[in-house]
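# Observations on the three-dimensional arrangement
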Amino acid sequence: MNDKIALDTAKNLAAKAAVDQWVTEDTKVVGVGSGSTVVFAVERLAERVWKEGCLADMICVPSSYQARKLILDHNLTLGDLDRNPKIDVYIDGADEVDSHMVLIKGGGGCLMQEKIVSSCAKTVIIIADYTKKSLRLGEQWCQGVPIEVSPMAHVPIKLKIEELFGGVASLRIALKKAGPVVTDNGNFLLDWKFLAKREYNWDEVNRALTMIPGVLETGLFVDIASKCYFGMADGAVKVQSK
Ligand SMILES: O=C(CO)[C@H](O)[C@H](O)COP(=O)(O)O
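Residues numbered from 1 in each chain as written. Predicted model: local features only at pLDDT ≥ 70, side-chain atom pairs only at ≥ 80, totals over all residues. Heavy atoms only, no water.

How we decide: UniProt positions are given in the numbering used here, feature names are shortened, and annotations may be inferred rather than shown by experiment.
If you check an unreviewed UniProt entry, the chain appears there as ribose-5-phosphate isomerase from Drosophila rubida. The chain has a UniProt comment under Sequence similarities (unreviewed entry) that states "Belongs to the ribose 5-phosphate isomerase family." UniProt, in the comment section headed Pathway (unreviewed entry), describes the chain in these words: "Carbohydrate degradation; pentose phosphate pathway; D-ribose 5-phosphate from D-ribulose 5-phosphate (non-oxidative stage): step 1/1."

Structure (structure tokens):
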């Protein structure tokens, strides 16, 4: 018998615990991440506003088209970085979280706006199910580090990444459209499958990647998250801190 709870239940537990802990009456601006776990966070925010009658002044700043739509669909107040450049707390999912709280993000292709919006937040909280927790990157997430690139430069960037760091960087191809995935910002994505056995200093790798002309953002989030809430297989919520 499989006594692990369903992944969606684990996501929901993590999202609810994080929202209840970090979004209080003093929270004026919340940054909303992207992905399937964030859906539960927005549902909890809406429940707090519409069922419990609290957080009336809260403004939500989205990190993607999906997040914007979630905010609107739940009748929450939509903000943006022009009007709300200072965010109290940013809540987002992750594809993998290592023991040093280095994250891989961008499985859903929203990494660039996620990094921008999270950089405007006092506190960044990650919510995830137990399959995202690992000791070292690559242990759980096998699809590589997403990297947003200028479309005209995706071939030279791919070659440079492979020469500099090894592994293989592949253009992300759409599933229900012929050709590459185009991000919310009109760019392409490379998924860089790094070498599993090589020891990488992720801070250095991230800095070096961003120095390649045409690289717009990476899905390596180093020293960004303050806490990560994991919904565990046994129904508990585990909190990892920096
Ligand atoms: O970075 C992201 C999107 O760009 C997501 O946060 C990440 O892919 C996790 O998604 P999910 O909650 O669906 O597992």
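## Topic: the sheet that holds strand β6 (residues 103-104)
Sheet strands pair via backbone hydrogen bonds, and the direction of the pair is either parallel or antiparallel. So the rule is basically this: For two strands to pair, DSSP has to find at least two bridges joining them. Here a helix means four or more residues in a row that DSSP labels H or I, a strand means two or more in a row labelled E, and each is numbered from the N terminus.
On the basis of which strands lie adjacent, the open sheet formed by three strands has the order β5-β6-β12 and antiparallel pairing. Among the strands making up the open sheet, the edge pair consists of β5 (96-97) and β12 (220-221). Where β5 and β6 come together, two bridges link them in antiparallel fashion. Across the sheet, the residue bridging to V97 is L103, located in β6.

## Here we look at the site of the ligand
The condition that has to hold: Any residue with a heavy atom lying within 4 Å of a molecule or strand is counted as near it. Each polar contact in these results corresponds to two N or O atoms within 3.5 Å; when the atoms are within protein, one needs to be able to donate a hydrogen and the other to accept it, and residues that are neighboring in sequence are counted only if both atoms are side-chain atoms. Any residue with an atom within 4 Å of a point lines the site, the site being either a cavity, points on a 1 Å grid over the protein atoms alone where a 1.4 Å probe fits but cannot get out, or a pocket, an open set with protein on both sides within 12 Å along at least 5 of 7 lines. Here the criterion for a molecule occupying a pocket or cavity is that more than half of its atoms lie within 2 Å of the pocket grid points. Three classes are used, and their members are as follows: Ala, Val, Leu, Ile, Met, Phe, Trp, Tyr, Cys and Pro are nonpolar, Asp, Glu, Lys and Arg are charged, and the others, Gly among them, are polar.
Around the ligand, the structure places 17 residues, and the nearest of them are S36, T37, D95, G106 and K132. S34 places a main-chain nitrogen or oxygen 2.8 Å from an oxygen atom of the ligand. In the environment of the ligand, an oxygen atom lies 2.5 Å from a nitrogen or oxygen atom belonging to the side chain of S36. Of the pockets mapped on this structure, the ligand occupies the largest pocket. Counting only elements with at least two residues in the shell around the ligand, the list comes to α2 (36-50) and α4 (111-119). Of the residues in the shell around the ligand, the class split is three nonpolar, nine polar and five charged.

## A word on unusual backbone geometry
Rules: For the exposure calls, accessible area comes from a 1.4 Å probe over protein chains only, and a residue counts as buried if that area is under 20% of its type's maximum, exposed if over 50%, partly exposed in between.
With phi around 55°, L55 is a residue other than glycine that occupies positive phi space. Of the residues examined, L55 reaches a relative accessible area of 4% and is grouped as buried. Residue N75 is not a glycine yet carries a positive backbone phi of 55°. Its location among the elements puts N75 in the loop between α3 (65-73) and β3 (77-78).

## Points about the packing of aromatic side chains
Note the cut-off: Each aromatic pair joins two rings of Phe, Tyr and Trp (for Trp, the six-membered one) with centres within 6.5 Å, and gets the label stacked for planes under 30 degrees apart, edge-to-face for over 60, and tilted for any other angle. Sitting over a ring, as applied to charges here, requires NZ of Lys or CZ of Arg to be within 6 Å of the ring centre and within 35 degrees of the ring normal.
As enumerated under the stated definition, the model contains seven aromatic pairs in all. Pairwise contacts between aromatic rings join F165, W192, F194, Y200 and W202 into one cluster. Between K105 and the ring centre of F221, over which it is positioned, the NZ or CZ distance is 5.7 Å.

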